[in-house]
Amino acid sequence: MTRNTDGVLSRRKFLIASGAAGLTGLAGCTENNSDSSGGDQSGGDGTSTSETEQSGGDGSQSLSGTVDIAGSSTVFPLATAMAENFRVEHSEVNINIQSTGSGGGFANYFCPGETDFNNASRHIKGEEADQCSSNDVTPVELKVATDALTVIVNNDNDFLGEGLTVEQLKTIFSAETQPTTWSDVNAEWPDEEIEIYGPADASGTYDYFIEAIIGEDGPGHRQDYSATEQDRTIIQGVQGSEFAIGYMGFAYYSENPDAVQAVAIDDGDGDGYVEPSLDTALSGDYTPLSRPLFTYPAQESLTEEHVAEFARYWLKKSTSKKIVADQVGYVPLGEEEQQEMLDKLNAAIDEA
Amino acid sequence: MATDTESGYAEGFGQVSRTVGTVFRYLLLAATMFGIVTLAVLLVYVANDAIQPLTADAGWHLTFFLTLVVPTTLVGGYLYRRNTDALKLGSTVVGMLAVAVLFSGGVAIVFVDIIPPLTGFSYAVGLVIPAALTVILTKYERQISFTPRVAATGAAFFLSLFGVPGYLHSIPELVQKAPVVPSDWVILALVLGGVAALVVGQYIARIREDATAGLIAGVAALVVTGLAALLGPLLGYDSNSFVVVTAVAVVPTATYAGGAALTRKRERIGLLLAGTVIVGSLVGAAAVDLLGFAGPQSWVNWQFLTNPHSSSAERAGLYPAIGGSILLMVTVAALSFPTGVGAAVYLEEYAPDNRFTRFIDVNISNLAGVPSVVYGLLGLGVFVTYLGQATGTVIIGGATLALLILPIVIISSREAIRAVPQDMRQASYGMGATRWQTVKNVVLPEAFPGILTGTILALGRAIGETAPLIMIGAPNVLFSLPTELTSKVSAMPLQVYAWSTLFASEDFYTKAVPAGVVVLLVVLLAMNSIAIVLRNKFESES
Amino acid sequence: MSTDDLETDLTRNTENTPRELLTRSFFFLCAALSVVTTISIVGLLVVEASKFFTITAPLMDVKGETASLVDFLTGTTWQINNQEFGVLALVSSTLMVTIGSAVIALPLGVATAIYLSEYASAQARSVLKPALEILAGVPTVVYGFFALIYITPALGVVFPGIGTFNMLSASIVVGIMIIPMVASISEDAMSAVPDELRQAGYGMGATKFDVSTGIVVPAALSGIFSSFILALSRAIGETMAVTVAAGAQAKFLNPINPASYLEGALPMTAAMVQLLNSDITGGGLAYRSLFAIGLVLFVITLIMNVISDYVARRYREVY
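Residues numbered from 1 in each chain as written. Chains lettered and ligands numbered in written order. Predicted model: local features only at pLDDT ≥ 70, side-chain atom pairs only at ≥ 80, totals over all residues. Heavy atoms only, no water.

S.K.: Where do I start with the overall build of chain A in this structure?
M.R.: A tally of regular secondary structure across chain A gives 14 helices and 11 strands. In chain A, buried positions account for 53% of the 352 residues. Partitioning the intrachain contacts of chain A with sequence separation of at least 6 by distance along the chain shows that 71% fall at a separation of at least 24. Carbon and sulfur atoms provide 45% of the accessible area of chain A, an area that totals close to 15300 Å². (Helix = DSSP H or I, 4+ residues; strand = E, 2+ residues; numbered from the N terminus. Buried < 20%, exposed > 50% of the residue type's maximum accessible area, 1.4 Å probe, protein only. Contact = heavy atoms within 4.5 Å. Areas by Shrake-Rupley, 256 points an atom, 1.4 Å probe, with all protein chains shown as cover.)

Encoded structure:
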C-alpha cells in the first residue's frame, strides 16, 4: 500500500517535473521552423508518398515517389544498375526491384497492376497481354539491351575449325540424338567423349538456348550434362577438359576471354561463321544466339512523372557501354534503336 | 545432481574398469562440442572475411592491445580471483552498454529516418493527452462503471487521434500545423529523454526508496539528454543521433551502474572493469588517431551500414534492409505478443477441459512444426491472392512472420504462466478478485519475465527468416527505407540471400555477404543474449 | 487496487460482468486464431493444389493445363519446361538432406543430451546450454552461406569431384542446425527419469557409464525418439540452407548411395523458392505446382509431428 502511493506520488511528480522541464526547453529552444512548413502541408494532406524531408530541395523540381519493378532475372542486374544510377540524381525516388522471372512477373505482379515495370527476356505472350488488358494495364514494349549466348570449347580444341553450325549444335544438345562422342556428330572429328557443361534448367539461359537452337516444340535439351548454376563452374569445366563444350551468357565469357575459346556460329543465312562479340550482336549478325531484352512499363503508370522520368533515363543510358556492357555485361542499344524506343516511349507518355 | 556424489562410493570397490567410462565421458564431451566448435570456426572465418583484422597496421593492434586488452585482462583477472560477483556486474554493464548502443541505433533509424520527428511528436502528444485524461478519470472517479468508462476512454483516444473529419482537427494534425514547432532535436530530447527520465526516476526512486531522489535523477536524465544535443555539434556529430544515443544507451546504462554503485557495496568494484573497457577504447581510439595508425579495412563500416544496395560489392550497403528488419520486428511484435499471450492466458487460466481445448492444444504444437516456407505460401495465398493486398509490404511480411512465431510465443508464454505458483492465484481469489483481476494483477506480472524471454527468442527467429519473405514477394533490391506499413520491405537475411544468389560473384562472396552475415549475427546474438540474461535472472530469483 | 474495488466486487456475480466477458472473449479469440491459421493453411493448400491436378481441376472449375496426379506422385523427373512434374525427384533430395542431417544430428544430439543431463557440472551446463541455443538461433540463410562458401571448398580437398552445390554440405549444416533440438528434447526426457532409478543402478555396483547407457537412455527412449522425429521434420522443412547450398537442378538421386551426396539436387523447399524466383514461366501450371509441393511438404511434416506426439504420449514411462 505504502509503496504503491509512493509510486503514484512520484509518477505524478515526474509528470509535472518533466512537463515543466519540457516547457522550459520549448521556451528556450523553439524556433519558427520555416523550412519544414512545406513538409507539414504535404503531411496534412496525407499524400504520404511525397512526404519527405524537403530541407535540401531548393525549389528545383525534385522527383519523389515509388517505382515497383518485377520480372526477368536476366534483366534484373541491368534494372538494378539503372536504378542505382538514377538515384544518384533523384534520391527521393524509391525503386523496388524483384526478380520473379518474365512470366511470373507478368502474371502475378504486372498485369494485376502491382508493378510499374516488368522486365522480360522475351516478347509478351498473347495470354499475358489479354490478362493485362482485362485489368486495364497497357504494356509498352521497350527494348533495353541485347543478350548474347556464347558456346565455348577448350583452348586446345582445334578440330572444330571455323566453328559450328546451328544443326551441329542442335545435334550435340538435343535429347533426341544424344551423341556420346564427337565423331558421332561429324565423322571427321575425334572419337572422344563429349563432355557437356551448361546452366541448370531453371535459368533463363537454358530456356533461351532451347528456344533458339533446339526449338521449343522439339525433343528438348538432353539431361546427361553437367548442369551448374554458376557460370564460373562452366568455364572451369570447359577449361579443364580438351573435349568439353558448354554455353553461357556472353558477359561471363567476355570477362574470361583467355580461359576458353568462343565458337563461331553459322546459322546458314549466307554470312558464314560469326564470332560472338558486342559488334556482331549489335549488328544482328550473331544469330540465333543473341536475343533482345525488354522492359515493359505500364502506360497507366507513365502518367506519374517519376515513373516516366525513370523510363526515359533507362533508355537514355541504354547506349552506355559503361553501364550496360562493363557493369552488367549485355550489349548496349545502337543510337538508331535508342531513338526509336525513345519515340515509342514519348508517344506512350503523351497518350497516357 | 545427487549422482555426482555416488561415484565416490564406487571407488571403494576398486577393480571396476574406468577406461570405458572415461572414454565415454570424453566422447560425449566431444560430441557436445562438435556443433559449437564448428559454428565457432565458421564464425571466425566469416568475421575474418568481413572485418579483415589483418589489414590493420601492427601499431593499431599494439595500441589497442596496450590500452584495452592488457588493462581489461588485468582487472578482469583480479576480479575473477577475488570477487566473481563483481566481475559479473562489470561485464553486465559492459554488455548492457554494447547492446544499448546497438538498440539506440535501431531507435535512431525509426525515430529519425522512418518517422520524421515532428510526425512522431504529434502522435506522441495525441496519445499522451487522452492517456492523461484516462488516468485522471480512473483515479478520481471510481464510481463510473466499466462500460461507460471503456466508452469514454475509447472516445477520448479516437477524438484525439482522428478528430471529426471536417469539424474538429485531430491533435496530431493540430501539432503538425502549428505555426511554431520545436526543431527535431528538441522533440527527440523531449520525447526520448522524457521516457528515459521516467524510467530512470522510477528506478532510482525504487532502489533509494525515496521519491525525491527519483525526481532529481529523472530531471538529471532529461537535462543530460538536452545537453547531449548541444554537445553533439561541438564534437562534430549530428545532434539528433547524439540525443538518441544518450537517451537510449548512455543514460540507462549510467543509471544502472550508478544504482549498482549505491546499493551493491560488495560488488561495486566490478564497475572498474566497465570503466577500464570504456576508457581503454576511447584512449585507444584517440591514440591511433593521433599516431596515424590505420585500422582494418573492414567491410562492416559506417558506409556499409548506411548505404543502400549497389551493384558493386564495395559500395553495397545494408541500410534499407536494416530499417526493414526493424520495422518488420516492430510489426511482428505488435501482432504476435498480445495474441500469443492472450491465447496462452486463455488456455492456462480460462479454458474448460474439453475436446475443443485439447484440439487447440494439439493444433498449436503442430503449427509450431509447420515449415516456414508453408507459412510463406499462406501469406501469399491468403493475404495477397484472396485479400488482394499488395505483395511484399511491411504489414503483409509482419503478419506472415507473426503467424509463424505465434505458436512459439504461445508455448513459451504458457510455460511461464504455468510456472506461477497456484497459491498466488488462490490467494488472489481468496481476496475476492475476479478472474481477470487475478490474471492482470497476479499471473501476468509474475509470468512477465518468462513471457518476455520467449517472445524475444521468437522475434529473433522471425528476423532471421527469409523464405516467407521470398514467398510473399518482398523485393530483392530496394534503395530506401520503408516509411509506412504499406511500403515494400526488404530484410537483412533477404538482402544477404539476394547478394549470395542474384549477385553471385567472387566480390560479393568475399565482401558484402560476409559483412551482411556479421551484422545479422551481431543483432541476433544481442537479442539472444538479452533473452538468456533475462531468463537466468528470472530463474535465479524464483 | 484499493479495497473499495474489492468490496464492490464481492457483492456481485463477477463472471459475467462486461469486463470479464470482454477479456474472456478476447483471450478466446486469440486462442481460436491458431485454429483459423490451421484451417487457412489446409484449405489454401488443398484448394490451390487441386487446381493443379487433372483429376480435381474440373471440381475447381479450372480451365487450362493440368497435371496427372499419378505422374506427380510417381514420376522421377522434375522438368517444368517439359511439363514433367515428378515430385519424387524433389522428395528424393529432401530425403537425402534428411538422412544426411540425421547421421550427424541424432548421435551427436543424444550424446549431448546424455552429457548435459548426466555428466556436466552445473557450471558447464550454464555455458553449454546457451551456446547450443545460439546454434539454433543462427538464421538458416547464414548456414546456407557457410555451406556454400566455407564447407564446400573444404570438402573439395577430401572429395575432389564435389560439385559447387552438393547435398553433403547442405546436410552437414542442416545437421548442425538441428542438434540443439534433439539435445534439448532428449535432455528433458532424461532429466525426467527419476533419481531413484539411477540410485538403484549405483546400488547394484553399476558405473556411471552403465547407468547412463543401461538405465537413463532406455527410460527416456520415448522422449528421445520423439525428439528424433521432430528434428527430422524440421530438416525436411528447412528451406534457406538447402536453397543456397544444395543446388537448383532437380535430379532423382539414390539416397542410399553415398556418392550421390557429392552431387547437387533440388529439395522440395528449394524448389518452391526457385519457382517464385527464376525465369520459369509464371502463372499457369508451374505456379500452381507450388501449392502441390507445399501440400506434400505440409502432409509429410504434419504426419511426423503427429507421430512424434503420439510416441511421446503413448510410450512415455510414467513414474
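S.K.: I'm lost on the pairing of strand β8 (residues 244-249) of chain A in this one. Help?
M.R.: It is a general feature of regular strands that their side chains alternate between the two faces of the sheet. Residue and element names in this part refer to chain A. Burial analysis of β8 places 6 of its 6 residues in the buried class, which makes it a mostly covered element. Bridging between strand β4 (residues 142-153) and β8 involves 5 bridges; their strand directions are antiparallel. What sits directly across from Ile152, in β8, is Gly246. Bridge count for strand β6 (residues 195-199) against β8 is 3 bridges, and the pairing is parallel. (Pairing = 2+ DSSP bridges.)

S.K.: Just checking my understanding: could you explain the domain arrangement of chain A for this structure?
M.R.: Note: interface size is frequently given as the accessible area lost on complex formation between the parts. Residues and elements named next belong to chain A. Taken as a whole, chain A is organised into domain 1 (64-140 + 298-351) and domain 2 (151-290). Between the C-alpha centres of domain 1 and domain 2 the distance comes to 30 Å. In this assembly, 10 residues from domain 1 lie in contact with 5 residues from domain 2. The contact between domain 1 and domain 2 buries some 520 Å² in all, and 75% of this surface belongs to carbon and sulfur atoms. If you sort the residues of domain 1 by the area they bury against domain 2, Gly329, Val331 and Pro332 come out on top, with a joint share of 56%. Across the domain 1-domain 2 interface, the total number found is 0 salt bridges. Put simply, domain 1 and domain 2 have 0 residue pairs in polar contact (both at pLDDT 80 or more) between them. (Domains from an automatic or database assignment. Buried area = accessible area lost by both parts, 1.4 Å probe. Salt bridge = Lys/Arg side-chain N within 4 Å of Asp/Glu carboxyl O. Polar contact = N/O pair within 3.5 Å; in protein donor to acceptor, adjacent residues only side chain to side chain.)

S.K.: Just checking my understanding: could you explain the pairing of strand β2 (residues 93-97) of chain A for this structure?
M.R.: With 4 of 5 residues buried, β2 of chain A is to be regarded as a mostly interior element. A crossover links strand β1 (residues 65-71) of chain A with its parallel partner β2 of chain A, the connecting element being helix α3 (residues 76-89) of chain A, and its sense is right-handed. Both β2 of chain A and strand β1 (residues 477-478) of chain B contribute to a ladder of 2 bridges, which runs antiparallel. Within β1 of chain B, the residue paired with Asn96 of chain A across the bridge is Leu478 of chain B. (Right-handed = clockwise from strand over helix to strand, strands pointing away.)

S.K.: Mind showing me how you'd approach helix α10 (residues 239-263) of chain B here?
M.R.: Side chains of residues three or four places apart in an α-helix project in the same direction, reflecting 3.6 residues per turn. Under the 1.5 Å per step criterion, the end-to-end length of α10 of chain B is 34 Å for 25 residues, consistent within 8% with the ideal 36 Å. Thr246 of chain B marks where α10 of chain B bends most, by close to 40°. (Expected span 1.5 Å × (residues − 1). Bend = angle between axes of the 7 residues up to and from the residue.)

S.K.: I keep staring at the environment of Asp266 of chain A and nothing clicks. Help me out?
M.R.: Residues and elements named next belong to chain A. With respect to the helices and strands, Asp266 occurs in strand β10 (residues 264-266). Its relative accessible area of 16% is what places Asp266 among the buried residues. The sequence separation of Asp266 and Glu167 amounts to 99 residues, and the corresponding C-alpha distance is 9.0 Å.

S.K.: How do you make sense of the state of the cysteines when you look at a structure like this?
M.R.: Residue and element names in this part refer to chain A. Overall, the coordinates contain 1 disulfide over all chains when judged by the stated rule. Between the sulfur atoms of Cys111 and its disulfide partner Cys132 the distance amounts to 2.0 Å. Where Cys111 bonds to Cys132 through sulfur, the torsion about that S-S bond is close to -55°, and the disulfide is left-handed. A residue pair is termed long-range when its members are at least 10 positions apart, and Cys111 in the loop between α4 (102-110) and β3 (117-120) and Cys132 in helix α5 (residues 126-134) qualify at 21 residues. For Cys111, a relative accessible area of 0% puts it in the buried group. (Disulfide = S-S within 2.5 Å.)

S.K.: Even after reading the chapter, I still don't get the interface of chain B and chain C, so can you show me in this structure?
M.R.: With 87 residues of chain B at the contact, the number on the chain C side is 93 residues. Here chain B meets chain C over a buried area of about 8000 Å², counting both sides, of which 74% is carbon and sulfur. Between chain B and chain C we count 1 salt bridge in total. A salt bridge links Arg535 of chain B to Glu133 of chain C, with the nearest nitrogen and oxygen atoms 2.8 Å apart.

S.K.: What am I meant to see in the domain arrangement of chain B here?
M.R.: All names here are of chain B. Looking at chain B, the domain boundaries give domain 1 (18-56), domain 2 (71-306) and domain 3 (319-541). The junction of domain 1 with domain 3 conceals about 420 Å² of combined surface from both sides, 83% of it contributed by carbon and sulfur atoms. Contact with domain 3 buries surface across domain 1, with Val46, Asp49 and Ala50 losing the most and accounting together for 72% of the total. If you look at where domain 1 meets domain 3, you find 0 salt bridges. Seen at the junction of domain 1 and domain 3, the total is 0 residue pairs in polar contact (both at pLDDT 80 or more). For the side of domain 1 that touches domain 3, a count of residues per class yields 4 nonpolar, no polar and 1 charged. (Nonpolar A, V, L, I, M, F, W, Y, C, P; charged D, E, K, R; others polar.)

S.K.: Honestly, the packing of helix α15 (residues 372-386) of chain B against helix α14 (residues 284-314) of chain C in this entry has me stumped. Any pointers?
M.R.: How two helices pack is summed up by the angle between their axes together with the distance between the axes. Closest axis-to-axis distance for the α15 of chain B/α14 of chain C pair is 10 Å, and the angle between their directions is 135°. When the interaxial angle is binned, α15 of chain B and α14 of chain C end up oblique. Like other packed secondary-structure pairs, α15 of chain B and α14 of chain C cross with a definite hand, here left-handed. Of α14 of chain C, the residues touching α15 of chain B (which contributes Val373, Val374, Leu377 and Leu380 of chain B) are Tyr287, Leu290, Phe291, Gly294, Leu297 and Phe298 of chain C. For the contact of α15 of chain B with α14 of chain C, the per-class residue count stands at 9 nonpolar, 1 polar and no charged. (Axes fitted to C-alpha atoms, helices over the stretch in contact; angles between N-to-C directions. Parallel < 35°, antiparallel > 145°, perpendicular 65-115°, else oblique. Left-handed = near helix turned anticlockwise from the far one by under 90°.)

S.K.: For this particular structure, what's the right way to read the packing of aromatic side chains?
M.R.: The relative placement of two aromatic rings is captured by the distance of their centres and the angle of their planes. Scanning the model with the defined rule gives 38 aromatic pairs over all chains in all. A centroid spacing of 5.2 Å and a plane angle of 65° characterise the contact between Phe86 of chain A and Tyr313 of chain A, whose relative ring orientation is edge-to-face. Of the two residues, Phe86 of chain A is situated in helix α3 and Tyr313 of chain A in helix α12 (residues 305-316); the sequence distance between them amounts to 227 residues. Comparing Phe86 of chain A with Tyr313 of chain A shows no difference in burial state: the two are buried. Considering the side-chain rings of Phe52 of chain C and Phe85 of chain C, the 5.2 Å spacing of their centres and the 90° angle between planes classify their relative orientation as edge-to-face. With Phe52 of chain C in the loop between α2 (18-50) and α3 (57-60) and Phe85 of chain C in strand β2 (residues 84-85), this pair connects stretches of sequence that are 33 residues apart. For the residue pair Phe52 of chain C and Phe85 of chain C, the accessibility class agrees, reading buried in each case. Every member of this aromatic cluster is reached through a ring pair, and the members are Tyr346, Tyr350, Phe356 and Trp436 of chain B together with Phe26, Phe27 and Phe28 of chain C. Its end group placed over the ring of Tyr119 of chain C, Lys208 of chain C keeps NZ or CZ at 5.2 Å from the ring centre. (Phe/Tyr/Trp six-rings, centres within 6.5 Å; stacked < 30°, edge-to-face > 60°. Lys NZ or Arg CZ within 6 Å of the ring centre and 35° of its normal.)

S.K.: I would appreciate a short explanation of the packing of helix α18 (residues 435-464) of chain B against α2 of chain C in the present structure.
M.R.: Contact geometry of α18 of chain B with α2 of chain C gives a least axis separation of 9 Å together with a crossing angle of 65°. For the pair α18 of chain B and α2 of chain C, the contacting residues are Arg435, Trp436 and Gln437 of chain B in the first and Arg19, Glu20, Thr23 and Phe27 of chain C in the second. Across the contact of α18 of chain B with α2 of chain C, the residue classes break down as 2 nonpolar, 2 polar and 3 charged.

S.K.: Mind showing me how you'd approach unusual backbone geometry here?
M.R.: Working note: non-glycine residues mostly have negative phi, and peptide bonds are mostly trans. For the bond running from Thr287 of chain A to Pro288 of chain A, omega is -5°, close enough to zero to count as cis. Relative to the helices and strands, Pro288 of chain A is located in the loop between α11 (278-283) and β11 (290-297).

S.K.: Even after reading the chapter, I still don't get the environment of Glu187 of chain C, so can you show me in this structure?
M.R.: Residues and elements named next belong to chain C. Its location among the elements puts Glu187 in helix α8 (residues 167-191). Spatially, the C-alpha atoms of Glu187 and Gly205 are 24 Å apart, while their sequence positions differ by 18 residues. If we skip the residues at most four places from it in the chain, Glu187 touches Ala113, Leu116, Ser117, Arg125 and Lys129.

S.K.: Just checking my understanding: could you explain the pattern of salt bridges for this structure?
M.R.: Pairs can form between side chains of opposite charge once their charged atoms are near each other. Residues and elements named next belong to chain A. Following the criterion strictly, the structure yields 22 salt bridges over all chains and no others. Taking the shortest distance from any N to any O, the salt bridge between Arg312 and Glu309 comes out at 3.0 Å. Residue Arg312 and its partner Glu309 are located together in helix α12, separated by 3 residues, close to a single helical turn. Just as Arg312 is buried, Glu309 falls in that class too.

S.K.: Would you take a moment to explain the nonpolar core for this structure?
M.R.: Buried together is how nonpolar side chains tend to be arranged in soluble globular proteins. The biggest cluster of nonpolar side chains holds 215 residues, and the ones touching the most others in it are Leu78, Ile95 and Phe310 of chain A together with Phe146 and Leu290 of chain C. For Phe310 of chain A, the contacting residues outside a window of four places in its chain are Val67, Ile69, Met82, Ala83, Phe86, Ile95 and Phe117 of chain A. Among the nonpolar cores identified, the runner-up in size contains 46 residues, and Phe159, Ile234, Ala244 and Tyr286 of chain A belong to it. (Core = buried A, V, L, I, M, F, W, Y, C linked by side-chain atoms within 4.5 Å.)

S.K.: It is not clear to me how helix α14 (residues 335-351) of chain A should be interpreted in this structure. Could you clarify?
M.R.: All names here are of chain A. Relative to the 24 Å expected for 17 residues at 1.5 Å per residue, α14 spans 24 Å between its end C-alpha atoms, a close match to the ideal helical length. For α14, the complete set of buried residues consists of Gln338, Met341, Leu342, Leu345, Ala348 and Ile349. Along the axis of α14, the buried positions cluster into a sector of 125°, meaning they face one direction only. Of the residues in α14, the exposed ones pointing more than 90 degrees away from the buried face are Glu336, Glu340, Asp350 and Glu351. Looking at the packing, one finds that the buried side of α14 touches β4 and α12. (Arc of directions from axis to C-beta.)

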